[in-house]
Amino acid sequence: MTPLADTHVHLLAGLDDGPPTADEALAMCRAMAAEGVRHATALAHQNAGYPANTAARLRAAAAHLAGELAAHNVPLTVYPTGEVMLSPTTFEDWRSGALLSVGGHDQWLLVEMPHALFLDVLPLVDALRPHGVRLVIAHAERYPELLHDPARTERWIAAGCLIQVTASALADPWDHGMERALRDWVAGGFVHVLGSDGHGTAFRPPELAPGFERLVKWAGRPAAERIASLWGVSVLQGLPVQVPPPKPPPRSWFTRLFGG
Ligand SMILES: [Fe+2]
């Protein structure tokens, strides 16, 4: 079985809109392990809505969860991580130590857009580059400015960003346009890591395997294993990842622009 890596799952009990209790976090972890996930973020939001979520607080909560997993023999390794909402002060916040990179390795920063806004990340990418830090764009399928603009997405990837897609969006796209765009993304090599964006056992459960199976169907098993396992584990462990430049499928973009 492929050891899957969930690069976006909220597992820190009571710290954000993820699992409210330690029991629910543990239940999520058991479910993840049962479907083959072996590595996962222990993640919580870091934004103005959760001012108490300091890097130290997230690390301590993740260490506690790791202890619980060991005590209950759940075969899941967790990596303390902040889901950082972009703001004008993101770079300064990172330099001050306020933000927690993926796994705390200072190699990858998991970032999401502010509510109802879309920002160009390239200035931040340039500022972080001398420090050896790169961005993972969280749930990138949510942003039409990326999903429907392959040229922009190519520039971001060329600048060093990795594109994270939500497994449920692959497995169950909410309309045909979304499905076609995601299929093009996967076929063209625009998708690098997978996340469940799990928040609880019932609402937004941490399901990764259906998304992995969809990747297998759309891109073949070797590509699916790179995305859902190899590259994901590398990011969680703070290792460098070099991805090939994407290749937009020209016929599909033409079709999207001109119909048919
Ligand atoms: Fe999230």
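Going by the structure above, here's the rest.
Figured I'd write up the structure that's included with this text. Quick caveat, the model's predicted, so the values are computed rather than measured.

**Section: the coordination of the iron ion**
- Taken together, H8 (NE2), H10 (NE2), E83 (OE) and D197 (OD) make up the full set of protein donors to the iron ion, lying 2.1 to 2.4 Å away.
- Taken together, the four donor atoms surrounding the iron ion define angles of 78 to 167 degrees at the centre, an arrangement classified as irregular.
- Every donor residue of the iron ion comes from the same chain, spaced as H-x1-H-x72-E-x113-D.
- Note on H8: relative accessible area 1%, which makes it buried.

**Here's the deal with the pattern of salt bridges**
- Scanning all chains against the criterion turns up six salt bridges.
- For D126, the salt bridge is made with R129, and the minimal N-O distance between the two is 2.9 Å.
- We classify D126 as partly exposed; its relative accessible area is 44%.
- Residue classification places R129 among the partly exposed positions, given a relative accessible area of 45%.
- Salt bridges sharing common partners tie together R142, D197 and R204.

**What about the nonpolar core?**
- Ranked by size, the top nonpolar core spans 84 residues in total, and within it L11, L135, I137 and W185 carry the most contacts.
- Sort the elements by how many residues they give to this core and helix α10 (residues 221–236) lands first, with seven residues.

**A word on the packing of aromatic side chains**
- As enumerated under the stated definition, the model contains three aromatic pairs in all.
- A centroid spacing of 6.1 Å and a plane angle of 55 degrees characterise the contact between F118 and Y143, whose relative ring orientation is tilted. Note that F118 is positioned in the loop between β4 (108–112) and α4 (122–128) and Y143 in the loop between β5 (134–137) and α5 (144–147), a separation of 25 residues in sequence.
- Measuring from centroid to centroid gives 6.4 Å for W185 and F190, while their planes differ by 10 degrees, and the two rings are stacked. Residue W185 shares its accessibility class with F190, and that shared class is buried.

Calculation criteria
- Every chain is numbered independently, its residues counted from 1 as its sequence is written.
- Local features in this predicted model are restricted to residues whose pLDDT is 70 or higher, and side-chain atom pairs enter the listing and the counts only when it is 80 or higher, whereas totals over whole chains, interfaces and linings include all residues.
- Working from all heavy atoms in the structure, the side-chain values ignore hydrogens and water.
- Only nitrogen, oxygen and sulfur atoms within 2.8 Å of the metal, or 3.2 Å for Na, K and Ca, are treated as donors, and water is left out, so sites may look incomplete.
- The geometry test gives tetrahedral to four donors whose angles all lie between 85 and 135 degrees, gives square planar to four donors and octahedral to six donors whose opposite members are over 155 degrees apart with all other angles between 65 and 115, and gives irregular to the rest.
- Type-normalised accessible area, obtained with a 1.4 Å probe on protein chains alone, sets the label of each residue: buried when under 20%, exposed when over 50%, and partly exposed for intermediate values.
- When a carboxyl oxygen of Asp or Glu is within 4 Å of a side-chain nitrogen of Lys or Arg, the pair counts as a salt bridge.
- Here, nonpolar core means buried Ala, Val, Leu, Ile, Met, Phe, Trp, Tyr and Cys residues that are tied together by side-chain atoms lying within 4.5 Å of each other.
- We count a stretch as a helix when DSSP gives it H or I for four or more residues in a row; a strand needs E for two or more, and each element gets its number in order from the N terminus.
- By convention, a stacked pair of Phe, Tyr or Trp rings (six-membered ring in the case of Trp) has centres within 6.5 Å and planes under 30 degrees apart, an edge-to-face pair has planes over 60 apart, and any other such pair is tilted.

Read these as geometric descriptors, not functional statements.
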